[in-house]
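# Results of the structural survey
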Amino acid sequence: MRVIICGAGQVGYGIAERLAAEDNDISVIDTSPELIQAVRDTLDVRGFVGHGAHPDVLAAAGADQADMIIAATLYDEVNIVACEVAHALFNVPTKIARIRAQAYLHSHYQDLFSRDHMPIDVIISPELEVGEMVLRRIALPGASDVVRFANDEIVVLGVECLDDCPLINTPLLQLTELFPDLPATVMAIIRNDELLIPGSSDQMRAGDIAYVATTKLQVQRTLALFGHEEPEAKRIIIAGGGNIGFYVAQTIEARQPRTKVKVIESSLKRANVIADDLRNSLVLHGSALDQKLLIEAEIQDADLLVALTNDDQVNLLAAVMAKRLGCQANLVLINNPDYLDLSKSLGIDAHISPRAVTISRVLQHVRRGRIRAVHSVQKGRAEIIEAEALETSPMVGASLRDLDLPPGLRIGAIYRSGEVIKPDGNVRIKPKDRVVLFATSETVKQVEQMFRVSLEFF
């Protein structure tokens, strides 16, 4: 696939890195010579210094032969115009734009980006995507990762196996025998930074992080079996009143009116703006690193600190300080991937990477075949995928035990006609089934092939 990426910042670089590793033909455009040089030095891509919305720059980058353009600069208007130019002059088939300003995304203007107006196929709003991920983590405090598939009927949890977890040192096959009515499947295990696709005889150990597929009605029971029965946070302090922090606070007010929320914002102007728009949340002006301000916010009685500023160091330090002052738990936004490995040693309970969230959203539209959703995990080492089975799929018809599935793939759940089916050797996949599976990066191409329409179909 030939892809043009406008913007070589963290998101653009991350997308280019991922797609280049899969042998796609990638061109990256940015106005910064330093960023383009870094792309050329570290990735197998072509780099172009210039404005991503200028026709001559797009032409030099090969827009006339491109299959897709991903406009991910920091400026919404540049992203919009880049997609328009790519459509009007070069007839690029798929156009994806990163849009941050919520004014463009209001429901009243939902036709704005239609083919008749601004022909953009996919709009990605990092703030909304990350905000929803934060809300899912808040709702399920025992999970280190939460993703929903199949109209939210299937939930995949990342869960740490604690020392008192009743499921450790038990073969996975026995778990099915012990809990026959629990629709939960262990899809993958992270152990000492090693990614394992388990078989029926494998066992989980203390310290493992298991990725488990279950139904929305059995999420709490599944967490409890892993030793996680943490109560939902009722007193939350949000550090950072930017777009994400404001969205989270506003949504909590609407969905969980009994939850008490306090927001700490360093900009007085911004603090006044969000204070006017929030109905029940208390907004405090100052730094999240100010111990006196944290105590004034009653951090010692808080259930959760959610650090959502634009500064990773502030987020990490605020979370550490909050814990020492008595806050029960923390959730931290981390942009720099170099900090991710440090988070656990600092006492960070959970973190969210906006870069990973955005890349996952893009991959959903890059993947070939009938792929409905993608969630990238472990810095791109694997993906959780929801795919729709077609009549011509090689997976359809045969029982799962008879399928020659690659070793880096494990099916977690099947959604059929409103029902979630736990996979076992006797289950047969039918056309239109939606299959949720865990695939290592080496097997993703095979997954795409399994869910593509074969030429013989026509």
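Cut-offs and rules
Residue numbers run consecutively from 1 along every chain, following the written order of its sequence. With pLDDT at 70 or above as the cut-off, local features in this predicted model cover only qualifying residues; side-chain atom pairs require 80 or more to be listed or tallied, and sums for whole chains, interfaces and linings still use all residues. In computing side-chain properties, one takes all heavy atoms of the structure into account and sets aside hydrogens as well as water. A pair of strands is treated as paired once DSSP finds two or more bridges between them. Think of it this way: any DSSP run of H or I at least four residues long counts as a helix, any run of E at least two long counts as a strand, and we number them from the N terminus. Comment: axis = line fitted to C-alpha atoms, over the contacting stretch for helices; angle = value between 0 and 180 degrees taken between N-to-C directions. Any two residues whose heavy atoms approach within 4.5 Å at even a single point are treated as in contact. UniProt positions are given in the numbering used here, feature names are shortened, and annotations may be inferred rather than shown by experiment. Every case where a carboxyl oxygen of Asp or Glu lies within 4 Å of a side-chain nitrogen of Lys or Arg is listed as a salt bridge. Three exposure classes are used, based on accessible area relative to the maximum for each residue type with a 1.4 Å probe and protein chains only: buried under 20%, partly exposed in between, and exposed over 50%.

Next up on the list: the sheet that holds strand β14 (residues 282-285). Across the sheet, 6 strands lie side by side as β14-β13-β12-β15-β16-β17; this open sheet has parallel pairing. Of all strands in the sheet, those with a lone pairing partner are β14 and β17 (350-352), marking the two edges. Strand-to-strand, the axes of this sheet are offset by a mean angle of 20°, without reference to chain direction. Examined bridge by bridge, strand β13 (residues 260-265) and β14 share 4 bridges and lie parallel to one another. If you follow Glu-265 over to β14, its bridge partner there is His-285. Together, β12 (235-239), β15 (304-307), β16 (329-333) and β17 form the strand contacts of helix α5 (residues 126-139), whose direction differs from that of β17 by roughly 165°. Relative to β14, helix α9 (residues 268-277) is tilted by about 170°, and along the sheet it contacts β13 and β14.

Right, let's talk about the UniProt feature "domain: RCK C-terminal" (unreviewed entry) in the chain for a bit. The UniProt entry lists residues 144-228 and 372-453 under the feature "domain: RCK C-terminal" (unreviewed entry), expressed in the numbering used here. The span residues 144-228 is 16% helical and 34% strand by assignment, and the distance between its end C-alpha atoms comes to 11 Å.

Our focus in this paragraph is the pattern of salt bridges. When the charged atoms of two side chains with opposite charge come close together, those side chains can pair. By the definition in use, this model includes 25 salt bridges. Two residues, Asp-349 and Lys-323, come together in a salt bridge whose shortest N-O distance is 3.1 Å. Note that Asp-349 is positioned in the loop between β16 and β17 and Lys-323 in helix α11 (residues 312-324), a separation of 26 residues in sequence. We classify Asp-349 as partly exposed; its relative accessible area is 41%. Given the relative accessible area of 29%, Lys-323 is considered partly exposed. Sharing partners across several salt bridges, the network here consists of Arg-18, Glu-22, Arg-367, Glu-383, Lys-445 and Glu-448.

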